[in-house]
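The primary structure of each chain is shown beneath.
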Amino acid sequence: MSRYAPWEDDRRSGNRLVLFSGITGLFTLVVLNAGVGYWWIGALLCLLLLNVGLVQLRRAGTREFGKDFEEMTIRHAIPAIGRMGYTAHANRRFQSGDIDLVVSSSNATVTIEIKSFIRWRQFYFFKGEREGKALRQATRQRAAIDAVHAIVWLPQGIPSLLQRLPYARGKSGVTVVFGREAPLRATLRRCFHGR
């Protein structure tokens, strides 16, 4: 089975746009050399195509890194969660997507969405666009399988001083966890046992 790689469409699109930018640039040089006016239209089009192509290529690289990071993190997390006495399943599909990790005890389930973010732009009710999107995604995942709690896990995340305060990140039913496996294990214990 081939690996799910949605960024490949971005990469192909970016490569095509960069190629068209080069062709437009060559055509513009020919027009400029011939002394025909309006060569600057070709130059602007060339720059526009190049810029959009490079944005697509950067997006593809970011998405691929995120998927690779998620897979590596899951490989390390499943055995650690298993040693706690819980069962962990990766990439569980539901109606509108997939859940990175589903952790189960004998009587409850917790969802975990893994993000490669380093900074989490949220303080109490004020949050950035990508943070709000991640929280909504975790909420949908939790509801989809009727989990008791949802976690957005940032293994390489670094909390700000204010985010170390209780309730300064996440939202009702969703906790944001910074750092490797130790903080995640502590959060899972609280989710399952309330301590």
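Relevant structure appears above.
Just so it is clear, the model here is predicted, and its values are computed rather than measured. (Residues numbered from 1 in each chain as written. Predicted model: local features only at pLDDT ≥ 70, side-chain atom pairs only at ≥ 80, totals over all residues. Heavy atoms only, no water.)

**Q** How do you make sense of the pairing of strand 2 (residues 97–104) when you look at a structure like this?
**A** A regular strand carries its side chains on alternate faces of the sheet. Burial within strand 2 is extensive, with 7 of its 8 residues counted as buried. Where strand 1 (residues 87–94) folds back on strand 2, the antiparallel hairpin that results is connected by 2 residues. One ladder, built from 4 bridges, connects strand 2 with strand 3 (residues 109–114); its direction is antiparallel. Directly across from Val 102, in strand 3, lies its bridge partner Thr 111. The antiparallel hairpin formed by strand 2 and strand 3 contains 4 residues in its connecting segment. (Buried < 20%, exposed > 50% of the residue type's maximum accessible area, 1.4 Å probe, protein only. Helix = DSSP H or I, 4+ residues; strand = E, 2+ residues; numbered from the N terminus. Pairing = 2+ DSSP bridges.)

**Q** Would you explain a positive patch on the surface in this entry?
**A** A surface patch of like charges, here positive, comprises Lys 127, Lys 133, Arg 136, Arg 140 and Lys 171. With respect to the secondary-structure elements, Arg 136 resides in helix 3 (residues 129–144). Look at Arg 136 and you get partly exposed, because its relative accessible area is 45%. (Patch = residues over 30% accessible without salt bridge, like charges linked within 9 Å, V, L, I, M, F, W, Y side chains within 5 Å. Areas by Shrake-Rupley, 256 points an atom, 1.4 Å probe, with all protein chains shown as cover. Salt bridge = Lys/Arg side-chain N within 4 Å of Asp/Glu carboxyl O. Lys, Arg positive; Asp, Glu negative; His and termini not counted. Charge placed at Lys NZ, Arg CZ, Asp CG, Glu CD.)

**Q** Got a minute to help me understand helix 2 (residues 39–83) in this structure?
**A** One turn of the α-helix equals 3.6 residues, which is why residues spaced by three or four share an orientation. The end-to-end C-alpha distance of helix 2 is 67 Å, a good match for the 66 Å that 45 residues give at a rise of 1.5 Å each. Maximal helix bending in helix 2 amounts to about 25°, located at Ala 77; proline Pro 79 follows within four positions. With its phi angle positive at about 95°, Gly 85 sits one or two positions after the end of helix 2. (Expected span 1.5 Å × (residues − 1). Bend = angle between axes of the 7 residues up to and from the residue.)

**Q** What should I look at first to understand the nonpolar core in this one?
**A** Nonpolar side chains in soluble globular proteins generally cluster together in the buried interior. If you look at the biggest cluster of nonpolar residues, it comprises 19 residues, and the most contacted ones within it are Ile 81, Ile 112 and Leu 188. Among the secondary structure elements, those contributing two or more residues to this core are helix 2, strand 2, strand 3, strand 6 (149–154) and helix 4 (181–193). Top contributing element to this core by residue count: helix 2, with 4 residues. The contact partners of Leu 188, leaving out residues within four places of it in the chain, are Ile 81, Met 84, Tyr 86, Val 103, Val 110, Ile 112 and Ile 151. Residues Trp 120, Ala 138, Leu 154 and Val 174 belong to the second largest nonpolar core, which totals 11 residues. (Core = buried A, V, L, I, M, F, W, Y, C linked by side-chain atoms within 4.5 Å. Contact = heavy atoms within 4.5 Å.)

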